[in-house]
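Results of the structural survey
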Protein chains: 4
Amino acid sequence: MSKIHVGIIVGSLRKDSFSKKVAQVVASFLPDNYEATFVDISNLPMFNQDFDDEGTTPKEWIDFREEIKNLDTYIFVTPEYNRSIPPVLKNALDVASRPYGQNVWTGKPGAVISVSPGITAGFGANHHLRQTLSFLNVYTMQQPEAYLSNIIESLDNEGNLTKEHTLEYLKSITAAYVDWVSKFQK
Amino acid sequence: MSKIHVGIIVGSLRKDSFSKKVAQVVASFLPDNYEATFVDISNLPMFNQDFDDEGTTPKEWIDFREEIKNLDTYIFVTPEYNRSIPPVLKNALDVASRPYGQNVWTGKPGAVISVSPGITAGFGANHHLRQTLSFLNVYTMQQPEAYLSNIIESLDNEGNLTKEHTLEYLKSITAAYVDWVSKFQK
Amino acid sequence: MSKIHVGIIVGSLRKDSFSKKVAQVVASFLPDNYEATFVDISNLPMFNQDFDDEGTTPKEWIDFREEIKNLDTYIFVTPEYNRSIPPVLKNALDVASRPYGQNVWTGKPGAVISVSPGITAGFGANHHLRQTLSFLNVYTMQQPEAYLSNIIESLDNEGNLTKEHTLEYLKSITAAYVDWVSKFQK
Amino acid sequence: MSKIHVGIIVGSLRKDSFSKKVAQVVASFLPDNYEATFVDISNLPMFNQDFDDEGTTPKEWIDFREEIKNLDTYIFVTPEYNRSIPPVLKNALDVASRPYGQNVWTGKPGAVISVSPGITAGFGANHHLRQTLSFLNVYTMQQPEAYLSNIIESLDNEGNLTKEHTLEYLKSITAAYVDWVSKFQK
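What you are looking at is a predicted structure, and each value in this text was computed from that prediction instead of being measured. (Residues numbered from 1 in each chain as written. Chains lettered and ligands numbered in written order. Predicted model: local features only at pLDDT ≥ 70, side-chain atom pairs only at ≥ 80, totals over all residues. Heavy atoms only, no water.)

This paragraph deals with the interface of chain A and chain B. If you look at the interface, chain A gives 28 residues, while chain B gives 28 residues. Buried area between chain A and chain B, summed over both chains or domains, comes out near 2700 Å², and the portion from carbon and sulfur atoms is 54%. Our enumeration of links across chain A and chain B arrives at four salt bridges. The shortest N-O distance in the salt bridge between A:Lys15 and B:Asp50 comes to 4.0 Å. Seen at the junction of chain A and chain B, the total is 21 residue pairs in polar contact (both at pLDDT 80 or more). Residue assignment for the side of chain A that touches chain B shows that the elements contributing at least two residues are helix 2 (49-53), helix 4 (87-95) and helix 5 (123-136) of chain A. Across the side of chain A that touches chain B, the residue classes break down as 11 nonpolar, 10 polar and seven charged. (Contact = heavy atoms within 4.5 Å. Buried area = accessible area lost by both parts, 1.4 Å probe. Salt bridge = Lys/Arg side-chain N within 4 Å of Asp/Glu carboxyl O. Polar contact = N/O pair within 3.5 Å; in protein donor to acceptor, adjacent residues only side chain to side chain. Helix = DSSP H or I, 4+ residues; strand = E, 2+ residues; numbered from the N terminus. Nonpolar A, V, L, I, M, F, W, Y, C, P; charged D, E, K, R; others polar.)

The interhelical angle for the contact between helix 5 of chain A and helix 5 (residues 123-136) of chain B, taken along N-to-C directions, is 175 degrees, at an axis separation of 12 Å. By the angle class used here, helix 5 of chain A and helix 5 of chain B are roughly antiparallel. Between helix 5 of chain A, through A:Gly124, A:His128 and A:Gln131, and helix 5 of chain B, the contact on the second element is made entirely by B:Gly124, B:His128 and B:Gln131. By residue class, the composition of the contact of helix 5 of chain A with helix 5 of chain B is no nonpolar, six polar and no charged. (Axes fitted to C-alpha atoms, helices over the stretch in contact; angles between N-to-C directions. Parallel < 35°, antiparallel > 145°, perpendicular 65-115°, else oblique.)

A few words on the relation of the copies chain C and chain D. Least-squares fitting of chain C to chain D yields an RMSD of 0.0 Å, with the superposition described by an axial translation of 0.0 Å and a rotation of 180 degrees. Viewed as a symmetry operation, the transformation between the two copies matches a two-fold axis. Looking at the rotation axis and the C-alpha trace of chain C, the residue lying nearest is C:Pro87, at 2.3 Å. Take the interface residues of chain C: 100% of them recur as interface residues in chain D, which is what a same-surface contact looks like. (Least-squares fit on C-alpha atoms with pLDDT ≥ 70 in both.)

All right, on to unusual backbone geometry then. Here C:Arg98 and C:Pro99 are connected by a cis peptide whose omega angle stands at 0 degrees. Looking at the element boundaries, C:Pro99 is found in the loop between helix 4 (87-95) and strand 4 (108-115). The linkage connecting D:Gln143 with the following residue, D:Pro144, adopts the cis geometry, with an omega of -5 degrees. When you line up the elements, D:Pro144 lands in the loop between strand 5 (138-140) and strand 6 (147-148). Positive phi outside glycine occurs at C:Asn137, with the angle close to 65 degrees. In this structure, C:Ala146 is a non-glycine residue whose phi angle is positive, near 70 degrees. Turning to its location among the elements, C:Ala146 is positioned in the loop between strand 5 (138-140) and strand 6 (147-148). Since its relative accessible area comes to 1%, C:Ala146 is described here as buried. (Buried < 20%, exposed > 50% of the residue type's maximum accessible area, 1.4 Å probe, protein only.)

Rotating chain A by 180 degrees about the axis while translating it 0.0 Å along that axis superimposes it on chain B, leaving an RMSD of 0.0 Å. In this assembly, 100% of the residues forming the interface of chain A have copies in chain B that are likewise at the interface, indicating an isologous arrangement.

Here we come to the pattern of salt bridges. Under the counting rule described, the total for this entry stands at 28 salt bridges over all chains. Here A:Glu145 ties to D:Arg83 by a salt bridge, and the two come within 2.9 Å at their closest N and O atoms. In this pair, A:Glu145 sits in the loop between strand 5 (138-140) and strand 6 (147-148) while D:Arg83 sits in the loop between strand 3 (73-78) and helix 4 (87-95), so the two residues belong to two different chains. Each member of the pair, A:Glu145 as well as D:Arg83, is classed as buried.

The structure is reproduced here in structure tokens:
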């Protein structure tokens, strides 16, 4: 049975990113037939249509588009910045949606997890991201919507995500995601 | 009477940006007591909280935050990318909202204009931007919401925005904006 | 081969509703193995949780919940009211989502079509509806998002939807919807 | 000095509505020059444009439009239903926005408070409501956005909202609202 290639895309560049910790836990819960890659979005030059129009497409964009094209599915784990999507994540989405007519996100299942140190649980990022994913034609898992609020309470003194309740929640999200992906496999 | 310093912020880096053309027309309609600056957001390194936390804040961020702080009001003119805000604009909003507790956008009036070559007129960018501006405490003009659809039809063969109907529309938006700003002047 | 029971839900009560005309055209394009029902949402008392809590659930709610439960899939065709969902449609969604834990919309594919006499094409209704459908766990078709702007231009003098271009567009949406539903059939 | 007439509009019909309790506390914190009215929205027939078009406008609509027209400002306190606005509240907003060109909400300041028994604090209702209010030209207070999560923890055994922390929060929101309204008084 062939592997399912899942790209895990984290919406924060911070070294100690809470979202990255959550993403690592989720990755650890994926079944054996999943091959998970943490996709690096830190090095993509800011989107400017002129690059493609003038034949000066950055190498990082070309490589990134190729990487996304080769994935079977995506998991987005992201904080909220000012009630919306972090720019580094929005840039990645936009870069691989272009040039016009060559959106490589299209036609694959995905999931969104939002992570927050406060209440409201990244709701603004979660649903703005869903709106963009509707345009990109990513088949986004509806339930669970996957909100993690007060994430710091789930970390131990070393900053590791160890709280049992949160681990169980992430396990259930991962299981729902795997079930969702299975709907789109022949 | 002292000048009102308005920052005009364009959400596209493209040289021939439609949004820039619209912004220039709007600027030309501002009354004499307005001093308009086109704020450059093209050179801001992508937001990463580590820079501020580790004392390595980029000079471009420091200068940009200072520039925004000294403005009295803002006009955002933006395209829509994939049903949401372009990353270059979201990055500018986020950079000047930080470090935590030092949001320099706060407490000033502003307006949003969305521009699109298609139908739907940048609605997704317009309202996602409004959601972020509510968090940043920018007093955003409600009406007119200012949608420009099918913008290419407003350009002449040289690419100049000359269509009378569109100019009149932008004149009315500018007048409404000036009226809105006047509500917040002592 | 058993029939696919699709409920068509129109977000306007107006006798000459544009959305209803669009819905009828879409219904006419469905393949033979689809059995379409126009679901009546006009008679549902306004949602008030007390009715269920106090054992005074209106008969119309009980019947409606049963009707939705027996459907295999949904097509929502709706105007936009004040940049969001019409109350009659939101009420129908809420009634059949309750009592708590007994959401009968869940786990079935659906599609959204927004219709407007103006520009922006009901974008606000379209995406607010999508946000609610994510919570209700309706597997909503992502592309095409299905926007109909300037709908009056698609009608002839008798008010019939006859414009060839619009009919072709609706045919393509219907085909995409049928393809989407087929992904969830065993 | 003349009174400021504020309409308090609660988005839930439930007898023991949490939102109503919050609204009552907010009303108790208003200064003496405010005259607060709890606006009844429970009896408005569901919006159907035919009523106005055919000269059969319900008396409840006529009275409600007159009541809203005579207010100086609004406070909306609402739960979230399925990630969006309750239909009873959306209906009230739509009824008083019509007939076309006779929106009586326009040009007055207002505030939004969302209330939830869970996490995420009614974020979806809060911001969908803000989007509608932008179209209705209600000058909506941006900060604080006013989210009340886990509201049951703020109630005592008799169901009264007595938790000191929450009362202080509501006092600060009310003060910010009064300050916001004062910006629009001559």
